[in-house]
Structures are given as structure tokens and as C-alpha cells.
Amino acid sequence: MKVIAVAAISLDGMIAFDAERQIETSPQDKAYFEKVTREAGTIITGRRTLDAMKRPLVGRRNVVYTKQEVLLATEPTDQLWYTDEAPKQVLKKLGKQGVKTVAVIGGSEIFTIFRDLTDEWHLTICPQFVGDGVPLCTEYTPEKLGVAAREVWGSGETLVILR
Ligand SMILES: NC(=O)c1ccc[n+]([C@@H]2O[C@H](COP(=O)([O-])OP(=O)(O)OC[C@H]3O[C@@H](n4cnc5c(N)ncnc54)[C@H](OP(=O)(O)O)[C@@H]3O)[C@@H](O)[C@H]2O)c1
């Protein structure tokens, strides 16, 4: 199982201003997000990010973390299931269903709990500072990553793929 984290981050390592307002990105970044998540077929996200997106991503299985009993009690479908299981358990379950790649799309709480299981970080670095916002992760295990690919876009954003 390959775990890819996909995020747009500011120069000061933030992914959003607050729980509702993520940093704005270019159409090129949105197209890249669409491509990576569609190729993966399965995305893992947090309930707050789902709320910010307004609806599950179409054409992809959305695995959504929540602790809310009412959501956890809803019947899982091919498009949407809610979970509060440990990340390793969720990946194991998906693996048994034949899933080969998952895209972890945040937010901060979900990037944090999946950080040590993440094989590849696809980060769009946006040329802006956010200041007091929502960070990519709130805990880190010291680790040095290598740059697998890099693209500079006309928007001023840089995509880096780190392993
Ligand atoms: N720039 C980017 O690439 C990017 C990417 C993703 C999101 N964002 C932005 O980031 C913000 C949201 O990030 P966030 O960190 O506040 O929220 P989040 O990670 O999207 O969601 C947090 C929620 O996930 C659930 N959760 C977390 N850990 C859990 C666990 N161990 N077990 C069960 N449920 C768990 C809880 O849901 P309940 O409260 O329902 O229990 C928690 O409130 C939004 O503004 C969003 O737009 C930006």
C-alpha cells in the first residue's frame, strides 16, 4: 500500500487560515490535486476538511475521520465511509479490498496521524505567508526526505514530491 500525502502549504508551513478557510491555490494546483486523487482512487480526510469541501470528492472513495457517533453509525458506501480506527487498521482494511494507493488529503490532524505511514509528500509550496494558521502537521518525527521531482509553475507555486 502506497500512502501519498497531498497538500498546498504556505512558506511558513500552513495549510489554512482556519478550519473553514484553506489557502487559495491556482487552477494548476487544483488540476494536479484532481489528477493525483483520481489516480489513487481512495482519499483519506478529516471531517473538518470534508465540511470545508462541502461534499465528498466524486469518483473517489472518501474515507473520513470523525469521532461523532452519529456519523460513525452511518452505513458505509463505495463513495463514503466514516472511521475512527487507527491509521494502520484503516490501511489494512483498504489493502484487503485491493486498494494499492491512498491519497491522504488532510487537514492537519489527519496529516499528523498519517505522517509516519506516508511514503510520498506531494507539496505545492505557495508563495505566501499565513501567520497564525493551521499547520501541515502538529507533531513530527525527525526525518530527512529526498526530492523525487520538482516543477515550478507559472502561478509562482512550486510542486515538490518528497520521499
Ligand atoms: N492546504 C491544504 O492542502 C489543505 C488540505 C486539507 C485541509 N485543509 C484545510 O485545513 C483545515 C482543516 O484542518 P483541521 O486540522 O482543522 O481538520 P481535519 O484534519 O480536516 O479534521 C479534523 C477532524 O477529524 C476528526 N479526527 C481527527 N483525528 C481523529 C481520530 N484519531 N479519530 C477519529 N476522528 C478524528 C475529528 O472530527 P470530528 O470533530 O467530527 O470528531 C476532527 O475534528 C480546513 O481549513 C481545510 O480547508 C487544507
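What counts as what
- Residues numbered from 1 in each chain as written.
- Predicted model: local features only at pLDDT ≥ 70, side-chain atom pairs only at ≥ 80, totals over all residues.
- Heavy atoms only, no water.
- Near = heavy atom within 4 Å.
- Polar contact = N/O pair within 3.5 Å; in protein donor to acceptor, adjacent residues only side chain to side chain.
- Areas by Shrake-Rupley, 256 points an atom, 1.4 Å probe, with all protein chains shown as cover.
- Helix = DSSP H or I, 4+ residues; strand = E, 2+ residues; numbered from the N terminus.
- Nonpolar A, V, L, I, M, F, W, Y, C, P; charged D, E, K, R; others polar.
- Pairing = 2+ DSSP bridges.
- Axes fitted to C-alpha atoms, helices over the stretch in contact; angles between N-to-C directions.
- Contact = heavy atoms within 4.5 Å.

1. Thoughts on the site of the ligand
Line of reasoning, step 1. Lining the immediate surroundings of the ligand are 25 residues, of which Asp18, Arg48, Thr49, Thr66 and Gln68 lie closest.
Line of reasoning, step 2. One of the side-chain N or O atoms of Gln68 is found 2.7 Å from an oxygen atom in the ligand.
Line of reasoning, step 3. When the ligand sits alone it has 930 Å² of accessible area, and the protein chains cover 89% of it.
Line of reasoning, step 4. Of all elements in the fold, only strand E1 (2–9), strand E2 (14–16), helix H2 (47–53) and helix H5 (108–114) reach the threshold of two or more residues within the shell around the ligand.
Line of reasoning, step 5. If you tally residues by element for the shell around the ligand, the top one is H2, at four residues.
Line of reasoning, step 6. Here the shell around the ligand is composed, by residue class, of nine nonpolar, eight polar and eight charged.

2. Quick look at the sheet that holds strand E4 (residues 61–65)
Line of reasoning, step 1. Pairing is mixed across the open sheet formed by eight strands, whose spatial order is E5-E4-E3-E6-E1-E7-E10-E9. Of all the strands in the sheet, just strand E5 (80–83) and strand E9 (147–152) have a single pairing partner and so form its edges. Adjacent strand axes in the sheet meet at a mean angle of 20°, parallel and antiparallel pairs treated alike.
Line of reasoning, step 2. Pairing of E1 with strand E7 (residues 120–125), which is carried by six bridges, proceeds in the parallel orientation. Residue pairing in the sheet places Ala5 in a bridge with Trp121 of E7.
Line of reasoning, step 3. Across the face of the sheet, helix H4 (residues 87–96) comes into contact with E1, strand E3 (42–46), E4, E5 and strand E6 (101–104) while running at roughly 160° to E4.

Keep in mind these values describe shape, not function.
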